[in-house]
Amino acid sequence: MTTAAVLAALATACGLGSWCFTTARWTSRAPKTAILLWQALGVSWGLASTGAMLAFAVQPYGEGVLHGLVSFATGRSPREPWDALHVVAMVAGLTALAVLVAVLLTAGVQTLRARHRHRTLLALISHDDPVLPGVRVLDHPSAAAYCVPGLRSQVVVSQGALSLLSKDEMAAVLAHEAAHVRERHDLVLLPFAALRRALPWSKVVRDAQAQVELLIEMAADDRARRYCSPRRLATALLRFGTAGAMPTPHGMLGVGTHNLMARVDRLLKPAPELPVSLRYGAVALSVTLVTSTPFLWIYQL
Amino acid sequence: MKGLGELERSIMDILWAQSAALTAREVGRLIADRDLAPTTVMTVLDRLTRKGFLHRTRDGRAWRYAPAASRDAYVAELMLEALDMTGDRSAALTRFAQGVSGPEAEILRRALTELEDE
């Protein structure tokens, strides 16, 4: 009973924590730490909420979530007889777990497929540019610069971006994209995008995804500024923003501008770094969250 | 000898440049690499058809190949994904920045002018 209650409390805490965290202001001062905390919150929320139901369900076995589930799967009869409540918890817990796993897997497969298609098309229609070795160029007048992540990541820019940006600005953009590649930001995004598809009505999940999207951009900006002029990166951002001749289809107007300006501001006037104690505190919290839920799955309190 | 990817590319380019569907023999004649074995051309045409980039129709004893979509259509497809305009915010690509429009863009334009004046 205690395990189930603790897991339920942990799941609630993660939910509430995420809700508060969506409006936290320090995140732009330490994007990487914030990303880590988001990941920890996500993982432990998933494990705690499903674990709480399952811990309650396998209570008749009296041997913890994981061992109880193994006993259930192998068909051993529990010490105490089943009652309706435990059966309901078992069905709900297993369903939730299955849905979470299935959603993650589907999102992974879909992403890989979309990338494969994108890569195949790129091989057929993009071309090299002698000025930018290793970068694929697309013949299109709109400005775009992006990266197709994977084992062999490809950085792509459009002809529109080439004519929009100066040489230094393009170098800054490429440094930014190289940072995405190096830090595998696509893997950070994947579970959040998947979760959003699984729970499209949840405001917290939507906000969390938007936050993480912005945070990885800031993290990439931070890495890029080591190799290029932050000012050029900022002007490149603004030029991209104003070149958006295409209308935004999903009514996200406003957020885009706000995020862009936030990135520009912190490039030009970096805020003081987050105090070390706070940063370590956030890291310690993340580690605790990520380790405590598996612990509660294995051991019975 | 060019790589297979390079060959697929040149063959698509040839077919995109033509208005009519071509047979493997005609493609082979138009290709720059004269030493290419006709079977290689056939193989690549077959691969591209299986991937869905070419349509083929029977013409007597030979097949005639034509692109399934125009080059511009494929460029547009990639750009829609690149600009995140497909409607689903997947994690397939990581993008540098998104454009904004209307009065929003005016705010950015002003900030840009200020930066350039300094």
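Cut-offs applied
Residues numbered from 1 in each chain as written. Chains lettered and ligands numbered in written order. Predicted model: local features only at pLDDT ≥ 70, side-chain atom pairs only at ≥ 80, totals over all residues. UniProt positions renumbered as here; feature names shortened; annotations may be inferred. Domains from an automatic or database assignment. Contact = placed C-beta atoms within 7 Å. Helix = DSSP H or I, 4+ residues; strand = E, 2+ residues; numbered from the N terminus. Nonpolar A, V, L, I, M, F, W, Y, C, P; charged D, E, K, R; others polar. Buried ≥ 20, exposed ≤ 12 C-beta atoms within 10 Å, placed from the backbone. Pairing = 2+ DSSP bridges.

- Per an unreviewed UniProt entry, the recorded name for chain B is Transcriptional regulator, and the organism is Nonomuraea roseoviolacea subsp. carminata.
- Note on chain B: under the UniProt heading Sequence similarities (unreviewed entry), the record states "Belongs to the BlaI transcriptional regulatory family."

- Taking an unreviewed UniProt entry as the reference, chain A is identified by name as Zn-dependent protease with chaperone function belonging to Nonomuraea roseoviolacea subsp. carminata.

Examining the domain arrangement of chain A
All names here are of chain A.
No. 1: Per the domain assignment, the segments of chain A are domain 1 (1-118 + 274-301) and domain 2 (126-270).
No. 2: Taking only C-alpha atoms, the centre of domain 1 and the centre of domain 2 are 31 Å apart.
No. 3: Facing the 21 residues of domain 1 at the interface are 23 residues of domain 2.
No. 4: Listed by contribution, the elements that provide at least two residues to the side of domain 1 that touches domain 2 are helix H1 (2-21), helix H2 (31-57) and helix H4 (84-125).
No. 5: For the side of domain 1 that touches domain 2, the element with the most residues is H4, which contributes eight residues.
No. 6: Each residue belonging to the side of domain 1 that touches domain 2 can be placed in one class, and the counts come to nine nonpolar, 10 polar and two charged.

With respect to the pairing of strand E4 (residues 154-158) of chain A
Residues and elements named next belong to chain A.
No. 1: Across the five residues that make up E4, a large majority, five, are buried.
No. 2: Neither face of E4 is left uncovered, since the one carrying Gln154, Val156 and Ser158 and the one carrying Val155 and Val157 both have all their residues buried.
No. 3: Two elements, strand E2 (residues 132-138) and E4, share four bridges in a ladder whose sense is parallel. The residue bridging valine 137 from the neighbouring strand is valine 157, located in E4.
No. 4: The pairing of strand E3 (residues 145-148) with E4 spans four bridges and is antiparallel.

Some remarks on the environment of Leu54(B)
Residues and elements named next belong to chain B.
No. 1: Within the fold, leucine 54 resides in strand E2 (residues 54-59).
No. 2: The class of leucine 54 is buried, set by 21 C-beta atoms lying within 10 Å.
No. 3: On a C-alpha basis, the gap between leucine 54 and alanine 111 in space is 48 Å, while along the polypeptide they are 57 residues apart.
No. 4: Non-local contacts of leucine 54, meaning those with residues more than four positions away in its chain, are made with Leu15, Leu45, Leu48, Thr49, Tyr65, Ala66, Pro67 and Ala68.

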